[in-house]
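# A closer look at the structure
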Amino acid sequence: MMDSLRAAANHVVLKIILALIILSFVLTGVGNYLIGGSGDYAAKVNGQVIERARLEQAFQSERSRMQQQLGDQFSALAGNEGYMQQLRRQTLSQLIDNMLLDQYAEKLGLSISDDQVKDAIRKAPYFQTNGQFDNAKYLDLITRMGYSADNYAQSMRQQLVNQQVIQAFGHSGFVLPAESDAMAALMLQERDVRLATIDLKALQAKQSVSDDELSAYYEQNKNSFIAPEQVQVSYIPMDAAAMQGKVTVSDADISSYYEQHKSSFGQPERKNYSVIQLKTEAEAKAVLDELNKGADFAKLAAEKSTDIISKRNGGELGWLEPDTTADELKQADLTEKGQTSGVVKSSVGYLIVRLNDIEAEKLKPLSEVHDAIAAKVKQEKGLDAYFALQQKVSEAATNDNESLASAEEAAGVKAVQTAWFTRDNVPAELNFKPVVQAVFDGSLIGENGTPGSNSDVITVEGDRAFVVRVTGHKAEGVEPFDKVKERVAELVKRNKAEQAAKLQGEKLLTELKQGKGDQALQAAGLSFGAEQKMTRSGQGVQLEESVFALPHPQQGKPVYGMSQDRQDNVVLIALDTVKPGSLSAEEMKTFSDKMQEGSVGVTFDSLLANLRKDAKIKMGSAEQQPQ
């Protein structure tokens, strides 16, 4: 097996294909290895059982992560039984691969201890705050990814095992300098070309078509002329913001709100502190002695404090409320104006704290918060009116389901009528997911396209709501020939133009290869443009691929070819020169490293394929039975 792995890793073609691809191994989180079952297993891998419980836990973990990532879109996927079965099979396949790698790592004598797992988690930068492991951040992130602490640790263990296996093969494949040079020369190659373009639009304008040709094309391509489902809708909009403009707020309303919410308008006790921050306890005690002998606090803070911000103000921190006061300042336990603390140990060194002033708790007067309360009360009244209107319109639309007349009367507005629209061009004022779903899910459409029932109130973001009624419906179907005749004509003309362009291009290419190209091009009203350089973009452009597929010119004579550009114009190519690419020594080193990584990737993929090939894998009855 090792011989075949090394052969695959060192195969030049595979290295070329994968030269710039870095191995990316996606790991599925799994649950506790010790979870057992009743013998109703998911799979056996070389006699080692993957229990049903382990598969279920891994599957649910994958579901949770997808739900976190996709949000509401996941509901549609979760409702697709075929998709969920596929996800379940993929999860089991990953568990099998992980078990094969575990077994192989054991054969190699590779193992991962609990301490290594903990160390890897603690060193992960995304679990750190200010360079230190943050347990709260760790638990929050893994929970949002759909993991428990246990199965995240198992996932990390699997990653470390896989990394060890990869490292074990890191030197099994190698790239010779000559291979790197050849690859760089090939991939960075420049080609000097001249192009002559046969204009497809010009040819298309010259084409003529008969009615028989149009009819035949239409009959053969009816599926290309499908008219999407269309609807017309009447709707009644409701908007909480608009309701606020219709409500009034009296002084009595404001006073009443103020009395009921006085606790919201109080200002808590505030204290004004100054600090001197020192590096060591000895330095802090020395400064405290100076203060006790009558030294000026602000002057010492400016001279000796290591806090570069507060020292500029003589150590003053300004007014602080309880919620914004650091624990170290609270620990100083200063209660009287002018009081100075002893030495206080803190996370930034040692502090000496002085309480400069105290401002007692007070209640803001009504005059100060009057406008804010008025806006709040207006908003609340508007929302109350908005919800009351929803209820009223909903009852009217339900009780009179034959039209929106009663709902219009309840809302005090006339319903808005839309033009015909499809799912892809919903009017902006209705373009909300809940509204679009209600309109197109069929529940509001009557039989044979007749008007159906009124919707219930549909709420959308921004405190807005709608009641809608589908007043017209056209099912998806083939558009009639008369309606699409002009479009069919353009398509037929384009097809004729493409055939004519390719035929003309092939004739000209033959003339060019026979040395008669100048006269042939002149007769066709064409000529090659100025010479231009082309390099590989890697974007799969047809013209570029055709240029780089041409053989090298010999004895200074151009090589000719034919292709198409992005607009489907036929392009004749004259390839004049080919220049190999080159890199600096530093760039070549990076390039060679990437090739080496690609080589390791081939080796690892070959390893996994061989492990599966040689393994005895038996699927259990739990494999297709989601719980």
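Coordinates for the structure precede this section.
Read on for an overview of the structure. This one's a predicted model, so the numbers in the text were calculated from it and none came from an experiment.

## Describing the overall build of the chain
The helix and strand inventory of the chain stands at 23 helices and 21 strands. With 627 residues in all, the chain has 39% of them scored as buried. When contacts within the chain are restricted to residue pairs at least 6 apart in sequence, long-range pairs at least 24 apart make up 74% of them. Total accessible area on the chain is roughly 35,500 Å²; 49% of this is exposed by carbon and sulfur atoms.

## Points about the packing of aromatic side chains
Tallying each qualifying case throughout the model produces 12 aromatic pairs. Note on tyrosine 258 and phenylalanine 265: the rings are 5.6 Å apart at their centroids and 25 degrees apart in plane angle, and the pair reads as stacked. Phenylalanine 265 matches tyrosine 258 in its accessibility class, with the two residues each being buried. With centroids separated by 6.1 Å and ring planes inclined at 80 degrees, the aromatic side chains of phenylalanine 421 and phenylalanine 440 adopt a geometry described as edge-to-face. Of the two residues, phenylalanine 421 is situated in the loop between β14 (416–417) and α19 (433–440) and phenylalanine 440 in helix α19; the sequence distance between them amounts to 19 residues. Residue phenylalanine 421 shares its accessibility class with phenylalanine 440, and that shared class is buried. Following the ring pairs from residue to residue traces out a cluster consisting of Phe127, Phe133, Tyr138 and Tyr152. It is arginine 194 that lies over the ring of phenylalanine 528; its NZ or CZ is 5.3 Å from the centre.

## Side note on the sheet that holds strand β20 (residues 570–579)
One open sheet holds the 4 strands; their spatial order is β18-β5-β20-β19, and the pairing between them is antiparallel. Of all strands in the sheet, those bounded by a partner on one side alone are β18 (532–534) and β19 (559–564). Ignoring strand direction, the axes of neighbouring strands in this sheet form an average angle of 40 degrees. Strands in contact with helix α22 (residues 542–549) are β5 (190–198), β18, β19 and β20; relative to β19, the strand with the most contacts, it is inclined by about 160 degrees.

## Things to note about the sheet that holds strand β9 (residues 270–278)
Read from one edge to the other, the open sheet built from 4 strands follows the order β10-β9-β12-β11, with strand pairing classed as antiparallel. If you trace the sheet from one side to the other, it starts and ends with β10 (316–320) and β11 (340–346), each paired once. Neighbour-to-neighbour, the strand axes of the sheet open up by a mean angle of 30 degrees, direction not taken into account. Pairing of β11 with strand β12 (residues 349–359) involves 5 bridges; the strand directions are antiparallel. Note on β12: the bridge partner recorded for serine 346 is glycine 349.

## Structural notes on the pairing of β19
In this sheet, β20 lies alongside β19 in antiparallel orientation, the contact comprising 6 bridges. Across the sheet, valine 559 pairs through a bridge with leucine 575, a residue of β20. The hairpin turn running from β19 into β20, its antiparallel successor, is 5 residues long, and aspartate 568 in that turn takes a positive phi close to 70 degrees.

## Observations concerning the nonpolar core
Within the largest apolar cluster, 31 residues are counted, with the highest numbers of intra-cluster contacts made by Ile50, Leu92, Ile96, Ile121, Phe127 and Tyr152. Elements represented by at least two residues in this core include exactly β1 (41–45), α3 (52–70), α5 (81–107), α6 (114–123), α7 (135–144), α8 (149–168) and α23 (585–614). Broken down by element, the residue count for this core peaks at 8 residues, all from α5. Judged by nonpolar contacts, the second largest core, of 19 residues, contains Val231, Leu430, Val435 and Ala438.

## A word on the environment of serine 537
Its place among the elements puts serine 537 in the loop between β18 and α22. On the basis of relative accessible area, serine 537 is assigned to the partly exposed category, the value being 39%. For serine 537 and methionine 187, which are 350 residues apart along the polypeptide, the C-alpha to C-alpha distance reads 9.5 Å.

## As for unusual backbone geometry
Even without being a glycine, asparagine 130 presents a positive backbone phi close to 55 degrees. Along the chain, the position of asparagine 130 falls in the loop between β3 (128–129) and β4 (132–133). Here asparagine 130 falls in the exposed class, since its relative accessible area comes to 76%. Even without being a glycine, glutamine 555 presents a positive backbone phi close to 55 degrees. Following the sequence through the fold, glutamine 555 ends up in the loop between α22 and β19.

## A closer look at helix α20 (residues 481–513)
Residues lying three or four places apart along an α-helix face the same way, a consequence of the helix completing one turn every 3.6 residues. Over its 33 residues, α20 extends 46 Å from the first C-alpha to the last, a length consistent with the 48 Å expected when each residue adds 1.5 Å. The axis of α20 is deflected most strongly, by about 35 degrees, at arginine 487. Along α20, the positions that sit buried rather than exposed are Phe481, Val484, Val488, Ala489, Val492, Ala497, Ala501, Gly505, Leu508, Leu509 and Leu512. Looking at the buried residues of α20, the elements they touch are β5, α10 (200–205), α11 (211–220), α21 (517–524), β19 and β20. Looking one or two residues past α20, glycine 515 carries a phi angle of roughly 85 degrees, positive in sign.

## Describing the packing of helix α13 (residues 251–260) against helix α17 (residues 366–399)
Put simply, α13 and α17 touch, their axes get as near as 9 Å, and they point 105 degrees apart. When the axes of α13 and α17 are compared, the pair comes out roughly perpendicular. Residues Asp251, Asp253, Ile254, Ser255, Tyr257 and Tyr258 of α13 pack against Leu366, Val369, His370, Ile373, Ala374, Lys376, Val377, Glu380 and Lys381 of α17. When grouped by side-chain class, the residues that make up the contact of α13 with α17 number 8 nonpolar, 2 polar and 5 charged.

## Some remarks on the packing of helix α14 (residues 281–292) against helix α15 (residues 297–304)
At a minimum axis distance of 10 Å, the contact between α14 and α15 shows a crossing angle of 155 degrees. For the element pair α14 / α15, the angle class is roughly antiparallel. Both α14 and α15 take part in a crossing whose hand is right-handed. Of the residues in α15, those touching α14 at Val287, Glu290 and Leu291 are Phe297, Leu300 and Lys304. Split by residue class, the contact of α14 with α15 holds 4 nonpolar, no polar and 2 charged.

What counts and how
Residues numbered from 1 in each chain as written. Predicted model: local features only at pLDDT ≥ 70, side-chain atom pairs only at ≥ 80, totals over all residues. Heavy atoms only, no water. Helix = DSSP H or I, 4+ residues; strand = E, 2+ residues; numbered from the N terminus. Buried < 20%, exposed > 50% of the residue type's maximum accessible area, 1.4 Å probe, protein only. Contact = heavy atoms within 4.5 Å. Areas by Shrake-Rupley, 256 points an atom, 1.4 Å probe, with all protein chains shown as cover. Phe/Tyr/Trp six-rings, centres within 6.5 Å; stacked < 30°, edge-to-face > 60°. Lys NZ or Arg CZ within 6 Å of the ring centre and 35° of its normal. Pairing = 2+ DSSP bridges. Axes fitted to C-alpha atoms, helices over the stretch in contact; angles between N-to-C directions. Core = buried A, V, L, I, M, F, W, Y, C linked by side-chain atoms within 4.5 Å. Expected span 1.5 Å × (residues − 1). Bend = angle between axes of the 7 residues up to and from the residue. Parallel < 35°, antiparallel > 145°, perpendicular 65-115°, else oblique. Nonpolar A, V, L, I, M, F, W, Y, C, P; charged D, E, K, R; others polar. Left-handed = near helix turned anticlockwise from the far one by under 90°.

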